[in-house]
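A closer look at the structure
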Amino acid sequence: MKNQSRGLSVILPNNTKLNMTVGLKDRGQDVFNQVSELLVVSDLHLFGLSVVKDNQPLFLDLEQKLSLYLPKSWRKNTSKEEVVLSLKVQYFVENAQLIVNSEARQLYYAELKGRVLRSECFEQEGLYFQLAAYALQADLGDYEEPNFAYFSPQGFFPFWIIQKRGNDYILKHIPTLHRELKGMSSSEAALHFMQEALTLSDVPITIYRMFKEKKNKAQGCILIGLASGGLQISETLNGKQQFLYDMPWSDIHSITFQGRKFDIRAEGLREQKMVFYSFSVLHAINLLQHISNSHRLHLNTKPLVMRLKEKNDRGTHREMYITDGADLDMDDSDDELPSMKFLLDQMRTTGTTEYSDVSMGPCGLEMSVDEPEEMFVDDPEDILRLVELVEGVSVDGPLLLPISYWTDADFLLLSLL
């Protein structure tokens, strides 16, 4: 049968829209590859394609068909509304220096900048002014005098700061901070912006909405915040959000998934566990994938983060560069870091090589989350059978999110002259 064409749009982190034509049988990876080709960026490994399904954002499993996530009207070509996907950061790193591709950094910077505008860390007001100065240096270059109203505060500050301080106050004081960055390159300013933005607790985090009760979704919801270092749990009651727990990976004993039901066992919980429900089994499986891959990425990049921190703590400024290794002698180098590809391949394969810490019921899955061991995930075929058993949804191909598109490259720390 012919692969009929359909139209859709992809929104980039900088709010640029890409209008694309895809095949009805295409998978998420086909769209991802097309986006990569249109942008001429091969290094989009930390990004994913997101779609709003059942009024909740969901990252696509790139190995699955688009039709699994998009409405029936799109498949039947009767949709009157535009079908939109978003290219978003799916995996946050603990050090922005790990993002070595300049084009990927620009997209990463654009997303963090947008997240900062929505950030509400009220106790860190001063940091938002420094972030605005870095963003102005990255976007506009050196400050030129006299130049009073040379930018719009709405593009660099959260609304609550504008409301609290006013435009005149911001336009009066920001030039002083911007002027201090004279001579800093755009790329360096963007890197500083990303490093500081990653310290805001509500910026490098993906929020998933869950429910406290299986049937009564009106009884409030649980918000699971997935960050590089673990999970953050909040509760929404009567329209107000209340923070409950901060769970670093080392405190989480296991995550049990059965149908829509999630059971998290961790240190510090009043009853040593929390139980909540996802919107659907599909949402549950995608959340499980995201948690699993984020945890593995955290473990596998930890040596790189530690090496960068050691170098920076010694006052030696180092930068990450990409190389194929052909023209460099990497033997016996004190500055050599493990291959990023090797670490990310570990992230991809760990979940399918060992199962000693996994128990599987007829319709469930339990994962061990003990540091420094890896998180183990059951055979993808078991998860596929689970979906078909619980919801009657037929899904083709492996369900664990593949990271096979990581480039074959080595990364080294090189001294800047």
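Since this is a predicted model, take the numbers as computed values, not measurements.

Reading guide: rules and limits
- Residues numbered from 1 in each chain as written.
- Predicted model: local features only at pLDDT ≥ 70, side-chain atom pairs only at ≥ 80, totals over all residues.
- Heavy atoms only, no water.
- pLDDT = per-residue confidence, 0-100.
- Contact = heavy atoms within 4.5 Å.
- Salt bridge = Lys/Arg side-chain N within 4 Å of Asp/Glu carboxyl O.
- Helix = DSSP H or I, 4+ residues; strand = E, 2+ residues; numbered from the N terminus.
- Buried < 20%, exposed > 50% of the residue type's maximum accessible area, 1.4 Å probe, protein only.
- Pairing = 2+ DSSP bridges.
- Axes fitted to C-alpha atoms, helices over the stretch in contact; angles between N-to-C directions.
- Expected span 1.5 Å × (residues − 1).
- Arc of directions from axis to C-beta.
- Bend = angle between axes of the 7 residues up to and from the residue.
- Parallel < 35°, antiparallel > 145°, perpendicular 65-115°, else oblique.
- Left-handed = near helix turned anticlockwise from the far one by under 90°.
- Nonpolar A, V, L, I, M, F, W, Y, C, P; charged D, E, K, R; others polar.
- Phe/Tyr/Trp six-rings, centres within 6.5 Å; stacked < 30°, edge-to-face > 60°.

Once that is clear, we can look at the confidence of the model for the chain. Averaged over the chain, the pLDDT score is 78; the fraction of residues at 70 or greater is 74%. Here residues 316-341 is modelled with pLDDT under 50, and outside its nearest four sequence neighbours on either side it reaches 67 contacts, counting other chains as well. Low pLDDT, under 50, characterises residues 370-417; the stretch is placed with 157 contacts to residues that sit more than four places away or in other chains.

Attention shifts here to the pattern of salt bridges. Taken as a whole, this structure holds nine salt bridges when the rule is applied. Among the salt bridges present, the one from E125 reaches K164, with a minimum N-O distance of 2.8 Å. Remark: K164 occurs in helix α5 (residues 159-165) and E125 occurs in helix α4 (residues 125-140); sequence separation between them is 39 residues. Overall, E125 belongs to the buried group, its relative accessible area being 11%. Among the salt bridges present, the one from D263 reaches K273, with a minimum N-O distance of 3.8 Å.

A word on the sheet that holds strand β3 (residues 47-53). Pairing in this open sheet of five strands is mixed, and the strands run β2-β1-β5-β3-β4 from one edge to the other. Every interior strand has two partners, whereas the edge strands, β2 (17-23) and β4 (56-59), have only one. The sheet shows a mean angle of 35° between the axes of neighbouring strands, direction not considered. Along the sheet face, helix α3 (residues 102-117) touches β3 and β5 (84-89) and points at about 100° away from the line of β5. Against the sheet, helix α8 (residues 281-313) contacts β3 and β4, and its axis sits at roughly 55° relative to β4.

Looking now at helix α1 (residues 28-39). Think of an α-helix as turning once every 3.6 residues; residues three or four places apart then point the same way. Relative to the 16 Å expected for twelve residues at 1.5 Å per residue, α1 spans 17 Å between its end C-alpha atoms, a close match to the ideal helical length. Considered for burial, the residues of α1 that qualify are G28, Q29, V31, F32, V35 and S36. Take α1 and look down its axis: the buried residues cluster within an arc of 160°, on one side only.

To continue, consider helix α6 (residues 167-179). Between its first and last C-alpha, α6 extends 19 Å over 13 residues, near the 18 Å set by a 1.5 Å rise per residue. Helix geometry: α6 is bent most strongly at H173, by close to 25°, with proline P175 lying one to four residues after it. What α6 keeps buried is the set I170, L171, I174, P175 and H178. Looking at the packing, one finds that the buried side of α6 touches α4 and α5.

Turning to its location among the elements, Y108 is positioned in helix α3. A relative accessible area of 0% places Y108 in the buried class. Along the chain, Y108 and L191 lie 83 residues apart, while their C-alpha atoms are 10.0 Å from each other. Residue contacts for Y108: discarding those within four places in its chain leaves L46, F47, V89, Y91, F92, V93, I99, M194 and L198.

As a further point, take the packing of α4 against α6. Contact geometry for α4 and α6: axes closest at 9 Å, N-to-C directions at 65°. Classified by the angle their axes make, α4 and α6 are roughly perpendicular. Crossing geometry of α4 relative to α6 is assigned as right-handed. Across from F129, Q130, A132, A133, L136 and Q137 in α4, the residues of α6 making contact are Y169, I170, I174, L177 and H178. Partitioned by chemical class, the residues of the contact of α4 with α6 number eight nonpolar, three polar and no charged.

Contact geometry for α4 and helix α7 (residues 186-197): axes closest at 7 Å, N-to-C directions at 155°. Judged by the angle between their axes, α4 and α7 are roughly antiparallel. Judged by the sense of rotation from one axis to the other, the crossing of α4 with α7 is left-handed. Between α4 and α7, the residues in contact are L127, L131, Y134, A135, Q137 and A138 and S186, A189, A190, H192, F193, E196 and A197, respectively. Classifying every residue of the contact of α4 with α7 gives nine nonpolar, three polar and one charged.

Counted under the stated rule, the structure contains 13 aromatic pairs. On the basis of an interplanar angle of 75° and a centroid distance of 4.8 Å, the ring pair of F122 and W160 is categorised as edge-to-face. Of this pair, F122 sits in the loop between α3 and α4 while W160 sits in helix α5, placing them 38 residues apart in sequence. For the ring pair F129 and Y169, a centre distance of 6.2 Å and an interplane angle of 85° mean the geometry is edge-to-face. Taken together, the residues F129 in helix α4 and Y169 in helix α6 connect sequence positions 40 residues apart. Three or more aromatic residues joined by ring pairs form one cluster here, namely Y143, Y150, F151 and F156.

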